[in-house]
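Listed below, chain by chain, are the residues.
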Amino acid sequence: MKAVFKQTQGMLPVSTSYCPGCTHGVAHRIIMETLDEMGLLGKAIGVAPIGCSVVAHQFMNVDMCESAHGRAPAVATAIRRVHPDRIVYTYQGDGDLASIGMAEIVHAAARGEKFSTFFINNGIYGMTGGQMAPTTLIGQRATTCVDGRTREQAGMPLKICELLATLDGPAYIERVALNSPAHIRKAKKAVRRAFEIQQEGKGFTFVELLSTCPTNWGLTPPKAMEWLEENMIPYYPLGVFREPEVK
Amino acid sequence: MSEKVLMKGNEAFAEAVIRGGVRFYFGYPITPQSEIPEFMSRELPKWGGKFLQAESELGAINMAYGCGAAGGNGFISSSSPGIALMQEGMSFLCSAEVPVVLLNASRGGPGIGSIQPGQADYNQVTRGGGNGDYKMPVFAPASIQEAIDILYDAPALADQWRNPVMVLVDGLMGQMMEPVLMPEPKKPLESADIPTVKPWAISGSEKGTRSVVKSLRLQPEVLEEHVEHLFEKYGRMEKELVRVETENVENAEVVFVAFGTMARLVKEAMEILESQGVKAGMIRPISLWPYPYEAFDKIGKNCKAVISAELSMGQMVQDVKLGVEGRWPVRLIHRVGGMLPTSLDIVEKTRKILEEVR
Ligand SMILES: Cc1ncc(C[n+]2csc(CCOP(=O)(O)OP(=O)(O)O)c2C)c(N)n1
């Protein structure tokens, strides 16, 4: 019989600890499937953040380390120098990357560090129980803004792809979403592109993946997918913000 | 072995650690150690190494973590406020058992303080300024040659114990020049050899095993077991890593305890006291952790007072009291803010203390 589906070697044969409907699992799978398809599992080194995905190394079947909250890009910067022939990536949430770790990501991007960052933007602090993130939308509720985020009180949400695209350092920046099969297929293409550009030694690659957090958004998983479509994509438009120069 | 050369402290520290096998340096400028990153940016590439100016000390310590986790021999240096900023990282490195060599050229504090020499980081470096139960060996040389010898051995020591190792100096030692002998360079660890030499390091799972370097242990019983494992290791360090120099403690009427720059000033004061007929001795801790408590057992019956001489409001004096165990009166001679006592100041204060305890 012909096999029509095989589980990727990139994911360890365990169930994840993520909540039902959370897209961390989807993000993990497309990254690991891509590494598997590219034959890079043995050469990849991943850096997990602090956040729900601090445990990513329990699921991703590659060499990995944890990193202090926000510092994954600094950690990856050094790993890449020790092992210039490896594929290095960081996997970071929006609190980790866009709040406490802003200096590290901006400087790694500006230096054009030759690793890839997968930025999971779920608009909230998942692990600590649903506090406001720098990416929480205006009007969106969180446990530290129960009536919804206001501009007066908390300022405006950060658009990280747009911000990093002001820098000359990055080679590739794209924003994708994980809320529908079509979007997930596109997201996987972006992940592959990021690894390919890294392999070619062209510099820093960044993929933002708009993600859901049904538990802390207070929505069912299907409703969370819709909420992402209706609220996040208009504010965080999908697309490519930087492509390597074709020579 | 080569000829003695005259070298400035900071440059000698940097060269010694390179000769000891370091090939990666990450740092953020801060006085009084900025010659170290400057030297590294010029010299490290010539040795096949890599230099990077980090965006902050937070960046630097976490780069050091990534470097060590990946199996590289890394070095970072800073001064007091920068070291303070690195403390979360140090706790993380100790917990994840990642080796790195650190140098603190300590200055006057608290806060941004001054750029002059200070020893008020003693508690920070020996008690662990970061969170949780952890320890790291801290060595406090009193001459540039001694610093060279310690820094030369430090990368291997950090690797052996899979733990950060700190060298504590101050701005004075970084700026002064002394004739020194540089040891022969060690063979550095090549990236290609990391999977076999350090199979625990993250270098890609094609080596045959999957490596994970981590700190989080959410289950209490698992974390407890890990901390007990760390302390079993620290217990062995306490037996093997104590370094101390003692002088005349058996017959001395007054025994000084001092490290680093302060030990040099005390040494001058001891000569003056001897010429005045006062028998003085010194315990000079070279390892501040583990602390040489046993050295105090050598103090003889003529001792009238043990004096902790420090450039702080009295931090090491707590360890001195632990070593003395109530056997002799303990006093403190100190200056702070970047001020240094002269040897005559020390003599005068010592004579007063001796009158008072008689
Ligand atoms: C220095 C430090 N500050 C705060 C925390 C607490 N903390 C843990 S995870 C987290 C936020 C995680 O949110 P995000 O990065 O959005 O990831 P998610 O959990 O949503 O995937 C915070 C604030 C910490 N671990 N360390």
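Our subject in this report is the structure included herewith.

**Structural notes on the site of the ligand**
Then, in step 1: In the vicinity of the ligand lie 17 residues, with A:Cys52, A:Asp94, A:Asp96, A:Gly126 and A:Met127 positioned nearest.
Then, in step 2: Taken together, the residues near the ligand originate from chains A and B.
Then, in step 3: One of the side-chain nitrogen or oxygen atoms of A:His24 is found 2.9 Å away from an oxygen atom of the ligand.
Then, in step 4: Between the ligand and A:Asp94, the relevant distance is 2.6 Å, taken from an oxygen atom to a side-chain nitrogen or oxygen of the residue.
Then, in step 5: Here the ligand, which alone exposes 590 Å², has 77% of that area covered by the protein.
Then, in step 6: Looking at the shell around the ligand, the elements with two or more residues in it are helix H3 (94-100) and strand E5 (124-125) of chain A.
Then, in step 7: Across the shell around the ligand, the residue classes tally to six nonpolar, eight polar and three charged.

**Description of the nonpolar core**
Then, in step 1: Ranked by internal contacts, the top residues of the largest apolar core, which has 121 residues, are A:Phe206, B:Phe75 and B:Val306.
Then, in step 2: Ranked by residues supplied to this core, first place goes to helix H7 (residues 144-161) of chain B with nine residues.
Then, in step 3: A domain-level breakdown of this core finds at least three residues from each of domain 1 (5-240) and domain 2 (244-357) of chain B.
Then, in step 4: Those residues in contact with A:Phe206 that sit more than four places away from it in its chain are A:Leu97, A:Ile105, A:Thr117, A:Phe119, A:Ile160, A:Cys161, A:Leu164, A:Tyr172, A:Ile173 and A:Glu174.
Then, in step 5: Membership of the second largest hydrophobic core comes to 37 residues, among which are A:Ala48, A:Val54, A:Val207 and A:Leu209.

**A word on the layout of surface pockets**
Then, in step 1: Here the largest pocket defines a volume of roughly 450 Å³.
Then, in step 2: If you go around the largest pocket, you meet 21 residues; those closest to its centre are B:Ser91, B:Phe92, B:Ser95, B:Asn131 and B:Ser215.
Then, in step 3: For the lining of the largest pocket, the secondary structure elements donating two or more residues are helix H5 (87-96) and helix H10 (220-240) of chain B.
Then, in step 4: Split by residue class, the lining of the largest pocket holds 10 nonpolar, seven polar and four charged.
Then, in step 5: Its volume calculated, the second largest pocket comes out at about 240 Å³.
Then, in step 6: If you trace the second largest pocket, you find 17 residues lining it, with A:Tyr18, A:Cys19, A:Cys52, A:Gly126 and A:Met127 closest to the centre.
Then, in step 7: Per-element accounting of the lining of the second largest pocket gives the leading share, three residues, to helix H8 (residues 214-217) of chain A.
Then, in step 8: Its residues assigned to classes, the lining of the second largest pocket shows 10 nonpolar, seven polar and no charged.

Cut-offs and rules
Residues numbered from 1 in each chain as written. Chains lettered and ligands numbered in written order. Predicted model: local features only at pLDDT ≥ 70, side-chain atom pairs only at ≥ 80, totals over all residues. Heavy atoms only, no water. Near = heavy atom within 4 Å. Polar contact = N/O pair within 3.5 Å; in protein donor to acceptor, adjacent residues only side chain to side chain. Areas by Shrake-Rupley, 256 points an atom, 1.4 Å probe, with all protein chains shown as cover. Helix = DSSP H or I, 4+ residues; strand = E, 2+ residues; numbered from the N terminus. Nonpolar A, V, L, I, M, F, W, Y, C, P; charged D, E, K, R; others polar. Core = buried A, V, L, I, M, F, W, Y, C linked by side-chain atoms within 4.5 Å. Buried < 20%, exposed > 50% of the residue type's maximum accessible area, 1.4 Å probe, protein only. Domains from an automatic or database assignment. Contact = heavy atoms within 4.5 Å. 1 Å grid on protein atoms, 1.4 Å probe; cavity = no way out; pocket = protein on both sides within 12 Å on 5 of 7 lines; lining within 4 Å. Points joined across faces, edges and corners; volume = space filled by probe spheres on them.

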